[in-house]
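Structural description and commentary
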Amino acid sequence: EMASRLGTGLERLAKAAAEVAEMSTSLADQEVFLSQKSKENEELLREITLRKATAEEKHKIALEKEESLVVQKAEIVENKADAEAALAEALPIVEAAEEALTKISKDSITEIRTFAKPSETVVAVGEMVCVLKGGQASWAQAKVYMQDPHFLRGLVEFPKETLTDKKINAVGAIRNKFKEKGGELTPEKVKTSSEAAADLFGWVLAIVEYHHIAKKVEPKRQLVARLEKNLRDSERELKQIKEELAELASEQAMLAEKHTRGTEEARKLAEQTALMQKRLNAANKLVNGLGSERKRWTSDLEQLKERRVQLVGDCLVGAAFLSYLGAFTFNFRENILKEIWLKDVDSKNIPLSPGYTVEGLLSDEVEIAKWSSDGLPSDDLSVQNGILTTQASRFPLCVDPQMQAVSWIKKMHGTNARFEVATFSEPDFLKRLEFCINYGNPFLFENVDEFIDPIIDPVLEKNFTIEAGRKFIKLGDKSVEWDDNFRLYLCTKLSNPNYPPEVYGKTMVINYGVTQQGLQSQLLNIVVAVERSDLERQREELIHSMSENKATLRSLEETLIRELYLATGNILDNDDLISTLEKTKEQAADISQKLQTAVVTSKEIEVARQEYNSVAKRGAILFFVMSALSAIDPMYEYSLQAFNNDVFRVSLERSEPHFDIENRLANIIDYLTFGVYRYTCMGIFERHKMMLAFQMTVKVLEGEGLLNIRELDFFLRGNTSLTKGEHAKPFDWLPDQGWHDLQKLPGVDPAFKDILADVQGHGEDWRQWFDLERPESSPFPCDYKTRLAPFQQLCLLRCFRVDRVYLAVNNFIMQCPQMGEKFTSPPILKYLDVYKQSSQYSPIVCVISPGANPADEIVKLADKLEMGGPKLRSVSLGQGQGEEAMKMTETGSLRGQWILLQNCHLLIDWMKELEKMLEKRDNKPHQDFRLWLTTEPTPNFPLGILQRSLKVVNEPPNGLKMNMKNTYSKVTEEGLAACPHPAYRALVYVLAFFHAVVQERRKYGTIGWNVAYDFNETDFTVSQELLNTYLTKAHLNNGPVPWPSLRYLVGEAMYGGRVTDGMDRRVVTTYLHEYMGDFLFDTFQPFHFYCNETVDYKLPAACTTSTEPVPRDEFAAEIERLPFENSPEVFGLHANAEIGYLTNATKQMWTDLLELQPRQAAGSGEASRETILERVVGDVMRQIPGPMDRKQIFAKEKARNKDGLLQPTQVVLLQELERWNNLVERMMSTLKDLQKALAGVIGMSAELDDLASALYNGQLPKAWRALAPATRKNLGSWLNHFETRHTQYRRWVEAGEPTVMWLSGLGIPESYLTALVQTTCRRYKWPLDKSTLFTRVTSFATAAEVKERPTDGCFVTGLFLEGAKWDLAAQQLAVQDPKVLIYELPVVQVIPMEAAKLKLQNTLRTPVYVTQGRRNAAGVGLVFEADLATEKHASHWILEGVAVCLNTDT
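First things first, this report covers the structure right here in the doc.

Analysis parameters
Residues numbered from 1 in each chain as written. Predicted model: local features only at pLDDT ≥ 70, side-chain atom pairs only at ≥ 80, totals over all residues. Heavy atoms only, no water. Helix = DSSP H or I, 4+ residues; strand = E, 2+ residues; numbered from the N terminus. Rg over C-alpha atoms; globule rule 2.2 N^0.38 Å. Buried < 20%, exposed > 50% of the residue type's maximum accessible area, 1.4 Å probe, protein only. Contact = heavy atoms within 4.5 Å. Areas by Shrake-Rupley, 256 points an atom, 1.4 Å probe, with all protein chains shown as cover. Lys, Arg positive; Asp, Glu negative; His and termini not counted. Charge placed at Lys NZ, Arg CZ, Asp CG, Glu CD. Polar contact = N/O pair within 3.5 Å; in protein donor to acceptor, adjacent residues only side chain to side chain. Core = buried A, V, L, I, M, F, W, Y, C linked by side-chain atoms within 4.5 Å. Axes fitted to C-alpha atoms, helices over the stretch in contact; angles between N-to-C directions. Left-handed = near helix turned anticlockwise from the far one by under 90°. Pairing = 2+ DSSP bridges. Phe/Tyr/Trp six-rings, centres within 6.5 Å; stacked < 30°, edge-to-face > 60°. Lys NZ or Arg CZ within 6 Å of the ring centre and 35° of its normal.

What follows is about the overall build of the protein. In terms of helices and strands, the protein carries 54 helices and 26 strands. Against the 2.2 N^0.38 benchmark of 35 Å for 1450 residues, the protein shows a C-alpha radius of gyration of 66 Å, more extended than a compact globule. The C-alpha extent of the protein, read off along each of the three principal axes, is 235 × 75 × 70 Å. Here the protein, with 1450 residues, has 49% of them falling under the buried criterion. Restricting the contact set of the protein to residue pairs at least 6 apart, pairs at least 24 apart contribute 76%. As displayed, the protein has an accessible area near 68900 Å², and 51% of this comes from carbon and sulfur atoms. Of note, the protein has its 173 positive side-chain charges centred 3 Å away from the centre of its 202 negative side-chain charges.

Structure below.
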């Protein structure tokens, strides 16, 4: 679609560009023609104008003429009227004459004419008629006229206008003749001659009269005639003028029409020219204005055409990314994408865009900028997560331990008033979800745990039903209409949730765990906001404006393309389109300029910000150190928000200011680093604090590029190779594992290339160094002190003295320039400091351990801060206490009280309700409100509370002196004075010492106690009351001190009541026999708990010399005189116990540190984790034999016996082989599955992942451990043990029961010993329940010296003695040699016998355990009790923790 739109737009731009040249030429020709036409039109217009002027002139004349004619006509009419009026007077006469003429008949005229001699009057009338008719005045002429038949009609019609004065005068002359003759010619006179003549004369008279009248009128008539002539002339002239005007008008009309045609043609030409000019301008605007876009679009179109082909590969990889990679870390995603998928696509010649990235395919800068402005970090992982969240086909399930996804999603939909947030535990979540589905609103499930309510499965799976074109989905028992705009999000705080496979199929699981790069960017924002608030404000404004501008720019560009694409007709004629494009281009250019400026400004800001990057980098490193601790203990949960608020910002605010930025940054980094150490130490156990400091140190060094990761890997794992090295161990004093590790060192770093030769060549020097008490403080032989870096020295020390590594790590931290001595001295817990760091918003979680209870300290603090009494409310949680605790918490939040909820681990389900209440509370809590929670470590403690809380770990004081000080601080003078017995005060001190001893003995692990017991202050307090009660009674009765009762009550009832192991109870009673008795007050032989040349643990001297009660302060002073550090001998242990403690501490530290190490891809030139695993799997599989054929062996064993019945030991063999086969088959099946998983054939399950991690770390996998005999060996040692077991089984099957049984090679050694007893009892007919075992250590140093089996019982080998050594010559127990912790016993004979006959003297009943881990709290691990001869009292060996084990840890 984009290619089509771009193509159409470019076609139109190209067409416009092509038309520019064509239109330019056409426009030039058109303009010439238009100019010529315009000139013609102008000439024509001038002619028209000229003619028009002439016509107007003539028209003016014509108008004047017409006006003149009107005047003339008026004058003529007037004159003519006057004349006609005058003539009208004569007309009646003429008419009368004419009428008379009509009366004359032709006969009368004929008569007159025929007169021969007419009368004179008749002649005169005839002559006058002739005169008037214009003829000769004679009668003859008259007769001639009268002969005319029409004579009379002629007279009637006589033209009067022919009359003249001459004619009238002639007529008058004729009449005058008569006057001269004296007569008057009258009609009457004529009538006498002829009546007709009289009528003619009457006519003549009328004519004459008429003439006279007409003559008067004549001037007017002439005037009228003249006027009429003039009028006719004027009319003729006017007519001519009108004709000329008509002709001019016709010509003008023709010219006008011609001009109109010319003008129209010119107009059309002008319009065409204007249109061409407009189109040319529009084309220029398009071509020039969108020139850059045209180039870019052309390039984009070419790319789109290429990408259209490349979309196959692009979409393939993009779809795979959206489908599979959400749950993985960024490094794994990148490795899969770049190293596997892209290379595979390329190798198969599938078209793929060069420089392909999923970000480029599935998002763009504008969208990413919008996400960033909504709070999503801008690092690559977060961008990928944003893509997965918004574009995956499945609804996202965000693994969001730092709650960044939740914050982003909430802000992204924050403007939507219908956006819903809920948890599965809310009762109305289903109704709200239904509403959102129906109306297409977003919905967020937060705080999701590993259980997802199956009621939403149809939503997750999008199981639609279509009805009438509408989508419906089943939600519970309702059918809900589906809106495609609906979005569902699920977020969990769990950092590593274990979801079943179906969840991964229904949802898109996305790993939102923050990366170091992303966190560094976030912390940099905080640093700059604090240190350079102006810079950060400018940056945020810039980001916001750039985000808006980019969005606007994209919208404008889409508008350009859309307008071009959707335009119809000739786009050059579309003014709106051109205007829109022009405005859009102007806006786009303006925004582009702003963006360019913003980019420059952004770079300048970033340069300034990078000055503070060192602080952000250190902060990111330290946060990941903190957050990784949850892998060791689930209580060690730290949220990013807590880190930012409680540590990072505090460090910025409280670190020492300095005007120089470098010094300022150094101050912040120092304060921050130590602040993280202090803050974290407050919430972790003492045993983990050294590990924390070391992890911080190596991570800081790694961040600064000062640590070789291969060296760190070696230091933590050693040599995990399953194959033995090429070189045999040169000296017996070298530990086996140490030499194995030493052989790997040359491959770790070139600095170790000569180490093997140097050790072999200078064996004595290395031996002397090895035997030193503190070798870590002495120089290495062969000048390795100067040849190796400090961390490399740790690696070398590991190979020789594991027990000193723990202390060497301490020295390494102290000497590290980035750390220092303060990181080896954890801060002392002060509850006032805890309170100062706390707030009303976050609970304070006190993690308690055996022997520590923070409740008293909290009460004291409350009293000190005036929050005690009614302001402090406490409840110990248990069944039914949840509702009361919830009300108490809500009330305390409003009233500003302190709420103390104790033993929260007992009500974990209710704690989840408390978590919801803390997260959902609407009211702002009172500033004095504090919520204190005490709990034992538990994996199910609500994560939300842990992450938002301030954690405090409460442990009993470390060290005998501090423990006694803590215990004795509860003892008051008043309490001591309450008992009157003089021995009471001393016994309270003894009890405090005993209390400290039994607690401190835990430090030494299993050699101290088989099971770690939680002896606490209650045991001491109740025991003190028992002392008070019994001594008061003895004092009142004047009786002796009831030592047996006291020892029993304290040792068996109080402290012994917690002890579940019989051997441990033996230790407790032994201590009490050593500490309680009359010997305490022997003045001749003073009692000492322990003493040597340097220390003396004893009662105050006044206890035996003074008769007065010894004051409490004197006992306290005696405690103050005790040393801070104490040797294990104080507890009755051998000094070697310290080595064991340090060795175990070191191994535990390594184990913990391994849990914290990330799974990183291989570096350059290094084998990847998968490659190493494949190699290890192959090595192990080659060492695994096939299973034993039990059926064949069963038949063979039966054949050995004459009776055909199996002996008990043979049954044990078959049972052992069954367990062996199960183990072998399990090992092979899991290894084969792991091979398939590594190859990608099957999925990597949690079990296979555990197997892979164990193999990679050189540890025994849990899946195998469950089917194998108990062991604490690492993988290499265990495989050697495994191979030896197989050898013994094979020989047993082939040659019969071994002469000397290697007992530790049996899966259940107890069964073999029981079988021996059964066999002997059968032989001698003893009752089985009254038989037992007796052991005797023989003089056979090795099994090879034994030639035959004993008759009864057996010889066993492979037993190891711990806590003592065996004196072969004296055949008894002896004190250990320095630095030798375990000895292999000679061959031991196990003899079944009747219990009644067994009488032992000078013998220690010594427990025999499977491993050095001895026995657990469930009693598992004890095999039997061996009888070891001794000259010393048994209590000596009991307190030294002497025991025998079948398997050592190495």
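Looking now at the side chain of Ser 949. Along the chain, Ser 949 turns up in the loop between helix 37 (943–948) and strand 13 (950–954). Engagement of the side chain of Ser 949 in a polar contact is seen with the backbone oxygen of Leu 946, the distance being 2.9 Å.

The next thing to look at is the nonpolar core. Generally speaking, nonpolar side chains in soluble globular proteins are found buried as a group. Core analysis: the biggest nonpolar cluster contains 137 residues, and Phe 694, Leu 796, Phe 800 and Leu 901 have the highest contact counts within it. The residues contacting Leu 796, other than those within four sequence positions of it, are Leu 742, Leu 745, Phe 752, Ile 755, Trp 766, Phe 780, Tyr 784 and Leu 788. In terms of nonpolar packing, the next biggest core, distinct from the first, is built from 129 residues, Val 1068, Val 1095, Leu 1133 and Ala 1237 among them.

This paragraph deals with the packing of helix 21 (residues 613–628) against helix 24 (residues 689–703). Following both chains from N to C, one finds helix 21 and helix 24 inclined at 140°, their axes separated by 10 Å at the closest point. Considering only the axes of helix 21 and helix 24, their crossing is right-handed. For the pair helix 21 and helix 24, the contacting residues are Lys 617, Arg 618, Ile 621, Leu 622 and Val 625 in the first and Leu 692, Gln 695, Met 696, Lys 699, Val 700 and Gly 703 in the second.

An order of 10-11-12-9-13 is seen for the five strands of this open sheet, with the pairing classed as parallel. Strands at the two margins of the open sheet, each flanked by one partner only, are strand 10 (872–876) and strand 13. Across this sheet, the average inter-strand angle for adjacent strands is 15°, counted without regard to direction. Of the strand pairs in this sheet, strand 9 (residues 844–848) and strand 12 (residues 930–935) are connected by four bridges, and their pairing is parallel. Looking across to strand 12, one finds that Val 845 is bridged to Leu 933. Across the face of the sheet, helix 34 (residues 855–864) comes into contact with strand 9, strand 10, strand 11 (898–902) and strand 12 while running at roughly 175° to strand 11.

With respect to the element layout, Gly 1186 can be found in the loop between helix 47 (1169–1183) and helix 48 (1190–1200). Gly 1186 sits 39 residues away from Glu 1225 along the chain, and the two C-alpha atoms are 8.2 Å apart.

Moving on to the sheet that holds strand 18 (residues 1354–1357). Pairing between the strands of a sheet comes from backbone hydrogen bonds, and it takes one of two forms, parallel or antiparallel. In space, the four strands of this open sheet follow the order 16-18-23-17, with mixed pairing throughout. Edge positions in the open sheet fall to strand 16 (1300–1302) and strand 17 (1331–1337), since each of these has one partner strand only. Each neighbouring strand pair of the sheet contributes to a mean axis angle of 35°, computed without reference to strand direction. Pairing geometry for strand 18 and strand 23 (residues 1388–1394), over three bridges, is antiparallel. Pairing of Val 1356 across the sheet is with Val 1388, part of strand 23.

Moving on, we come to the packing of aromatic side chains. With the rule as written, the count across this model stands at 61 aromatic pairs. Residues Tyr 831 and Trp 932 carry aromatic rings whose centres are separated by 6.3 Å and whose planes lie at 40° to one another, so their mutual orientation is tilted. A residue pair is termed long-range when its members are at least 10 positions apart, and Tyr 831 in helix 33 (residues 831–837) and Trp 932 in strand 12 qualify at 101 residues. Accessibility expressed as a relative area gives 8% for Tyr 831, which makes it buried. A relative accessible area of 0% places Trp 932 in the buried class. Lys 471 extends its terminal NZ or CZ atom over the ring of Phe 464, reaching a point 4.9 Å from the ring centre. Sitting over the ring of Tyr 784, Arg 787 keeps its end group 4.0 Å from the ring centre.

Further remarks concern the pairing of strand 12. The buried fraction of strand 12 amounts to six of the six residues, a majority that puts the element mostly inside the structure. Residues Arg 930, Trp 932 and Thr 934 of strand 12 are buried on one face, and the alternating residues Leu 931, Leu 933 and Thr 935, pointing to the opposite face, are buried as well. In this structure, strand 11 lies alongside strand 12, joined through four bridges in parallel fashion. Within strand 12, the residue paired with Leu 900 across the bridge is Trp 932.

Here four bridges tie strand 5 (residues 470–475) to strand 6 (residues 478–481), and the two strands are oriented antiparallel to one another. Bridging from a neighbouring strand, Phe 472 pairs with Glu 481 of strand 6. Counted between consecutive antiparallel strands, the loop separating strand 5 from strand 6 contains two residues, among which Gly 476 sits at a positive phi close to 70°.

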